[in-house]
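# Reading the structure
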Amino acid sequence: MISRALASALLLLAGLSCHAQSWAWDDGTVPFVVSPEEVVDRMLRIADIGPADRVIDLGSGDGRIVIGAAARGARALGIDIDPSLVDKARGRAAAAGMTERATFRSEDLFDTDLSGATVVTMYLLPEVNLKLRPKLLRLAPGTRVVSHDWNMGDWEPDETIELRTPEKPVGLGGKSRVHLWIIPSDARGRWVADIPQHGGRWEFEIAQQYQAVSVRSTVAGNERDLTVRATRLRGQEIKMLVTGLVGGKAWNQFFKGTVSGDRMTGEVLVSDGDQQRTIPWTATRKR
Amino acid sequence: MTAAMINSFFRRAACALVIGLVSLPGQAQDDNFTPFVISGDEVVLRMLRMAEVGPGDFLIDLGSGDGRIPIIAARRFGARGFGVDLDPPLVDLARRNAIRDGVADKVSFEVKDLFETDLTRASVVAFYLLPDVAMQLRPKLLKELRPGTRIVAHDYNLGDWEADEWTSIRVPDKPVAPVGISQVFLWIVPGDARGRWTSDFGGQRVVFDIDQKFQLLKARVTEQGAKTVVGDGSGPPLQVRAAGLRGEQVSIVVAGRLAGRDGVHHLTGRIQGNHIEGEILTGTRAPERSAWKAVRQ
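These numbers were taken from a predicted model, which means no experiment stands behind them.

### Concerning the overall build of chain B
Along the backbone of chain B there are 6 helices and 15 strands. Going through the 297 residues of chain B one by one, you find that 43% of them count as buried. Sequence-distant contacts, at least 24 apart, represent 56% of the contacts inside chain B between residues at least 6 apart.

And the structure:
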């Protein structure tokens, strides 16, 4: 997990922040980084890794994320540029009895084919994350990306855990962050749904940047836009909470659906505060 | 997540849209009333996972509403516990939900003021309360809960008692402020690490002076009888690089020479009264392990 790049960064940080006490590191090694097992645990947890997953860890270091993912039943591959770390990781995987599911390869992480992954994990450096970003965004919608400490610039995480790690001498001043991104479907454009039981023709105009969507919604018989209170695009799953006059009466509509190509299908929960019902809906994208 | 729960959430959410959006914290406090807003199941799961709730746990939910936090804790994680709420119809609903979900033998619900609830049995406390109420509750939490007890809260924090862990998630179906996003906080009730602790490292006497605010420690380390003459081979003075407290588990990172070994030493141990027992890891690539004991004066 601690890649060579990170190791040099640790040395650099140690050198910068402790230049007055450089004696502490004068054995020339990386400063003792307390094994952030709890951070590894949060990374596996935030991605909800299970037996169906195919995990790729970029910068796998001593292999602990890969072994942790394998222990949760996933098949996991660690990539590290340092062959000696790959050897070490293989040794640890063997000691844990995980050689079947925990494998390692020595290569440059930018050369790694990520296409089969359902989860990509990393503990790199901010600029490396940014350099990887275009490649990550081409992954299949729904793929989870987990990063320790560093974010992805203006691509905000879907979920973040911050925990106190007072012994960790590098990073965020005694705290660690674990970020989760879920590769979003492309939901851009104008979508039309016909819901005869509730309002008739619905239109959604969706603008999207990364997973952030902003939605304008109209329904037959109401010339004004409805109020879209909240939206979420999480992988292929879209949710839109829409309120306004439908058929002359105030309703809440909670649309939930799955985006697949030019179709969204799901169900909408409609409620006026007293009664509610669930209606299936399908929308198609008008190009 | 059952359809009934979604429906229930949505019905409540719809009510909240009508009345809840104007129930700003200040107004809600005026009549000493905490509005009923359900934590969505996604958020409840985050809360329970963050607290690492398991079969050995006893969870108390303060303001339990329809009961979903204790019920999910029992159903998914095997915990036991109870919830209290001021609203009798909600307590009835929670009891019915517990029976429906087959966990009535594990969780119970009671009409009770949360400030009059005995918390001493809890290994986990959960709440979703307005900030003022949470702050009023804080002294009670610190007084009644054992060190190591986990506290999880939805959205509102405990002022200057910073959380040990925090998470945020986008939840579009959340109708109350902050709309569309939920935060979950975890605190571990800290033990008492204050004071002057001494350790003996093979004849080298070392003193740790520890100040504490909640779980935050400020530690200083000094060596008793250390020679300060430059060039005598004893090296520079010991330094604390970091210190932390999680329940009764204290950890201190010390740089310098301890027990004849130079480098960075990671001391961890459990506080029991005026004693700490634990271990030291020294070194970087292949840390050496040795025992650590400290006594409070």
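### Regarding the overall build of chain A
When helices and strands are counted, chain A shows 5 helices and 15 strands. In chain A, which comprises 287 residues, the proportion classed as buried is 46%.

### So, the sheet that holds strand β14 (residues 263-271) of chain A
Sheets are built from strands that pair by backbone hydrogen bonding, the pairs being arranged parallel or antiparallel. Residues and elements named next belong to chain A. If you walk across this open sheet you meet the 8 strands as β10-β9-β8-β15-β14-β13-β12-β11, and the pairing is antiparallel. The strands lining the two open edges of the sheet, one partner per strand, are β10 (212-219) and β11 (227-234). Each adjacent strand pair in this sheet contributes to an overall mean axis angle of 25°, direction not counted. Where strand β13 (residues 249-260) meets β14, 9 bridges bridge the pair, whose relative direction is antiparallel. The residue of β14 that forms the bridge with V259 is M264.

### Considering unusual backbone geometry
Residue and element names in this part refer to chain B. Not every positive phi belongs to a glycine, and E52 is a case in point at roughly 50°. Secondary-structure assignment places E52 in the loop between α3 (41-50) and β1 (58-62). For D155, which is not glycine, the phi dihedral falls at a positive 70°. The topology assignment puts D155 in the loop between β5 (150-154) and β6 (165-170). Classification of D155 as buried rests on a count of 22 C-beta atoms within 10 Å.

### Section: the nonpolar core
Core analysis: the largest hydrophobic core is formed by 51 residues, its most contacted members being M47(B), V125(B) and V152(B). Those residues within four positions of V152(B) in sequence are excluded, and the remaining contacts are M47(B), M50(B), A51(B), V124(B), A126(B), V184(B), F185(B) and L186(B). In this structure, V55(A), A70(A), V86(A) and L180(A) belong to the second largest nonpolar core, which totals 45 residues.

### Digging into the domain arrangement of chain A
Each assigned domain of chain A is listed here: domain 1 (4-182) and domain 2 (189-286). Of the residues that constitute the side of domain 1 of chain A that touches domain 2 of chain A, the class distribution is 3 nonpolar, 1 polar and 1 charged.

### Considering the pairing of β13(A)
All names here are of chain A. Alignment of strand β12 (residues 237-246) against β13, held across 10 bridges, turns out to be antiparallel. Considered in β13, the bridge of M240 is made with F255. Linking β13 to β14, which pair antiparallel, is a turn of 2 residues; within it G261 sits at a positive phi near 60°.

### Looking at the pairing of strand β7 (residues 175-182) of chain A
Residue and element names in this part refer to chain A. β7 sits mainly inside the fold: 7 of its 8 residues count as buried. Across 5 bridges, the pairing between strand β5 (residues 144-148) and β7 is antiparallel. Looking across to β7, one finds that R144 is bridged to I182. When strand β6 (residues 159-164) meets β7, the two strands line up antiparallel, connected through 6 bridges. Paired with I161 across the strands is V178, a residue of β7.

Calculation rules
Residues numbered from 1 in each chain as written. Chains lettered and ligands numbered in written order. Predicted model: local features only at pLDDT ≥ 70, side-chain atom pairs only at ≥ 80, totals over all residues. Helix = DSSP H or I, 4+ residues; strand = E, 2+ residues; numbered from the N terminus. Buried ≥ 20, exposed ≤ 12 C-beta atoms within 10 Å, placed from the backbone. Contact = placed C-beta atoms within 7 Å. Pairing = 2+ DSSP bridges. Axes fitted to C-alpha atoms, helices over the stretch in contact; angles between N-to-C directions. Core = buried A, V, L, I, M, F, W, Y, C linked by C-beta atoms within 7 Å. Domains from an automatic or database assignment. Nonpolar A, V, L, I, M, F, W, Y, C, P; charged D, E, K, R; others polar.

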